[in-house]
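Chain by chain, the residues run as shown.
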Amino acid sequence: MRERLAAAWLAIGAAACGSSSGGSAAPDADGGVAVDAGADAGAGAGADARPGPGADAGAGADAGVGTDAGAGVDAGAGADAASGTTVSVYATSYGWADNDPPGTAIAYPKNGGYPTVHDAAGGTGTFADPITFATDKSEFAPGTVLYVPFIGKYVVMEDDCAECDTDWSTSQKHHIDIWMNSSAAEMTNALIQCEDAWTRTSTNVEDNPPSTRTVTTVPLFDPATNTCRTAP
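Remember, it's a predicted structure, so these values are computed and weren't measured experimentally. (Residues numbered from 1 in each chain as written. Predicted model: local features only at pLDDT ≥ 70, side-chain atom pairs only at ≥ 80, totals over all residues. Heavy atoms only, no water.)

Concerning the overall build of the protein
The following threshold applies: Under the scheme used here, helices are H or I runs from DSSP no shorter than 4 residues and strands are E runs no shorter than 2 residues, and both carry numbers assigned from the N terminus. Classification of residues uses two cut-offs on accessible area relative to the type maximum, computed with a 1.4 Å probe and protein chains only: under 20% is buried, over 50% is exposed, and between them is partly exposed. The contact criterion used is simple: two residues touch if any of their non-hydrogen atoms lie within 4.5 Å. Throughout, the Shrake-Rupley method with a 1.4 Å probe supplies accessible areas, and for residues the shown protein chains are the sole cover considered.
Secondary structure summary: the protein contains two helices and 11 strands in total. Starting at the N terminus, the α and β elements of the protein follow one another as β-β-β-β-β-β-β-α-β-α-β-β-β. A total of 232 residues make up the protein; the buried ones form 51% of that total. A sequence separation of at least 24 residues applies to 78% of the contacts in the protein between residues at least 6 apart. For the protein, the computed accessible surface area is about 8700 Å², with 54% contributed by carbon and sulfur atoms.

Right under this line is the structure:
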């Protein structure tokens, strides 16, 4: 189940279920967002996972976060005559450290009998292997596939998100929280900063898209190098 870490990250601009609620990135649709290279390397991300936008964990020493503005690999053919339904959403991200519990566990795994794709959070972003996203199951049912143009990837609903649940139940606000490639190897603050950089307060996604949308399969975050891409 997806919930965010506690609030040390307020000091570095993080909040929200999968990223900052105000978002530390501008809501531009093409995804070209830089990450601050003077990041705080956390001396520990607190044990306190949060169900909503708050945070409270310890911050620590300086460590840089790499960036990579190179283009992704095209794996699709672009537009198709058959289109899905356009939906405007608030898009955040989450990863290993701010999943609850930390790791890749998801609420609706395929091996649990759900009409999903994975048994743990993951995916490359193709139509056949969409990336896990979390939300309220009343907003998008488990197994729902979306195409997300600003990251150039397909995503599939496989997890729950506490803040998304609240946004939907209180105001019918569409909120999706997209899994960001991560493991126990990365620096937590580098991951959180990348999540914030890819936050969009409002962006269009396509529900029930055709399989032919243009896709880039390069992950937005590389846990081995703590590098956050500035373009898909």
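So much for the structure itself; the text now carries on.
A closer look at the environment of G84
As for its placement among the helices and strands, G84 is situated in the loop between β3 (66–68) and β4 (85–94). G84 sits in the partly exposed class, given a relative accessible area of 25%. Here the alpha-carbon distance between G84 and D207, two residues 123 residues apart in the chain, equals 5.4 Å.

Description of the packing of aromatic side chains
Remark: the centre distance and the inter-plane angle together describe each pair of aromatic rings, the angle taken between the planes. Defined as follows: Think of it this way: a Phe, Tyr or Trp ring, Trp meaning its six-membered ring, pairs with another when their centres are within 6.5 Å, and the plane angle makes it stacked under 30 degrees, edge-to-face over 60, tilted otherwise.
Considering all chains together, one arrives at six aromatic pairs under this definition. Judged by centre distance (5.4 Å) and plane angle (80°), the rings of Y94 and W179 are edge-to-face. Taken as a pair, Y94 in strand β4 and W179 in strand β8 (residues 175–179) lie far apart in primary sequence, 85 residues in all. The burial state of Y94 is the same as that of W179; both residues are buried. Taken together, F127, Y147 and Y154 form an aromatic cluster joined through their ring pairs.

What to know about the side chain of T132
Stated precisely, the cut-off is as follows: Between N or O atoms, a polar contact is any pair within 3.5 Å; within protein, one atom must be a potential hydrogen donor and the other a potential acceptor, and residues adjacent in sequence are included only when both atoms are from side chains.
Within the secondary structure, T132 is located in strand β5 (residues 131–134). Given a relative accessible area of 0%, T132 falls into the buried group. At 2.6 Å, the side chain of T132 and the side chain of E158 are in polar contact. In contact with T132, other than residues within four places in its own chain, are Y94, I106, H118, A120, A121, G122, V156, E158, D159, D177, I178 and W179.

Some thoughts on the state of the cysteines
Keep this limit in mind: Cysteine sulfur atoms that pair up within 2.5 Å are treated as a disulfide.
Scanning the model with the defined rule gives two disulfides in all. At a sulfur-sulfur separation of 2.3 Å, the disulfide partner of C161 is C164. Judged by the sign of its S-S torsion, about 75°, the cystine formed by C161 and C164 is right-handed. Between the sulfur atoms of C194 and its disulfide partner C228 the distance amounts to 2.1 Å. Measuring handedness by torsion sign, the sulfur bridge of C194 and C228 sits at about 75° and is right-handed. With C194 in helix α2 (residues 188–197) and C228 in strand β11 (residues 227–229), the pair connects residues that are 34 residues apart, well separated along the chain. Of the two residues, C194 and C228, neither departs from the other in class, the shared state being buried.

Side note on the side chain of E195
Within the element layout of this structure, E195 appears in helix α2. Residue classification places E195 among the buried residues on the basis of a relative accessible area of 0%. At 3.1 Å, the side chain of E195 and the backbone nitrogen of G95 are in polar contact.

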